[in-house]
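# Residue-level structure breakdown
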Amino acid sequence: MSKVKLDEIDHQILDMLIDNTRTPFTDIAKKLLISAGTVHVRVKKMEESGIIKGSSLTLDYVKLGYSFIAYVGIFLEKTHQTKFVLERLSQIPYVTVAHITTGKFNIFCKIRAKDTTHAKNIIFKIDDIDGISRTETMISLEESINDKKRLMHTIFNEL
């Protein structure tokens, strides 16, 4: 698959949208000294090429009462059970991310819970899924880095 060519204007548009996906195109246009129509056309082009895949909302889960984060490494009895286990994990709303991995675990996932008791119940629910032989859990003490922009700028510099 070929890389999509982006210029400096595209980079700047993406930079502003990563900061706030709700930034009006007119505001972006004013800052970049281009027309809002140009911003619209460029964003549409990046959507059609698959560079932009929708937009998202960032919630403050702590304010919603879900301050506990843990990572669960899952060992499967047999690797052919991966799809089945992922389907069951997707039915647990507190499992927010799951990756098929190499190395120690077959699947590595992130859970978000209200507290340790709630996390324990989620982990027990995960342990009960057929095909899982055991799990290992790591508690997140603090999310210290969550920076999409650094990677984006590195990628832009490589293009």
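Residues numbered from 1 in each chain as written. Predicted model: local features only at pLDDT ≥ 70, side-chain atom pairs only at ≥ 80, totals over all residues. Heavy atoms only, no water.

## What to know about the nonpolar core
Judged by nonpolar contacts, the single largest core of 19 residues is most densely connected at Ile74, Val85, Leu89, Val95, Ile111, Ile126 and Ile132. If you list the elements that add at least two residues to this core, you get β1 (68–76), α4 (82–89), β3 (107–113) and α5 (116–127). A total of five residues in this core trace back to one element, the largest contributor, which is β1. Beyond its immediate sequence surroundings of up to four residues, Val85 is in contact with Leu76, Ile107, Ile129, Asp130, Gly131 and Ile132. Among the nonpolar cores identified, the runner-up in size contains 14 residues, and Leu14, Met16, Met46 and Met152 belong to it. (Core = buried A, V, L, I, M, F, W, Y, C linked by side-chain atoms within 4.5 Å. Buried < 20%, exposed > 50% of the residue type's maximum accessible area, 1.4 Å probe, protein only. Helix = DSSP H or I, 4+ residues; strand = E, 2+ residues; numbered from the N terminus. Contact = heavy atoms within 4.5 Å.)

## Details of the UniProt feature "domain: HTH asnC-type" (unreviewed entry) in the chain
Mapped onto the present numbering, the UniProt feature "domain: HTH asnC-type" (unreviewed entry) falls at residues 6–67. Secondary structure content for residues 6–67 is 53% helix and 0% strand, and the end C-alpha separation is 38 Å. (UniProt positions renumbered as here; feature names shortened; annotations may be inferred.)

## With respect to the layout of surface pockets
Empty space within the largest pocket amounts to approximately 840 Å³. As for the largest pocket, its lining consists of 27 residues, and the residues nearest its centre are Leu14, Leu17, Ile18, Thr21 and Lys148. Ranked by residue count, the leading element in the lining of the largest pocket is helix α6 (residues 148–158), at five residues. Each residue belonging to the lining of the largest pocket can be placed in one class, and the counts come to 15 nonpolar, six polar and six charged. Empty space within the second largest pocket amounts to approximately 520 Å³. In terms of lining residues, the second largest pocket is bounded by 14 residues, among which Thr58, Tyr61, Lys110, Arg112 and Asn146 are the most central. Residue composition of the lining of the second largest pocket, grouped by class: five nonpolar, four polar and five charged. (1 Å grid on protein atoms, 1.4 Å probe; cavity = no way out; pocket = protein on both sides within 12 Å on 5 of 7 lines; lining within 4 Å. Points joined across faces, edges and corners; volume = space filled by probe spheres on them. Nonpolar A, V, L, I, M, F, W, Y, C, P; charged D, E, K, R; others polar.)

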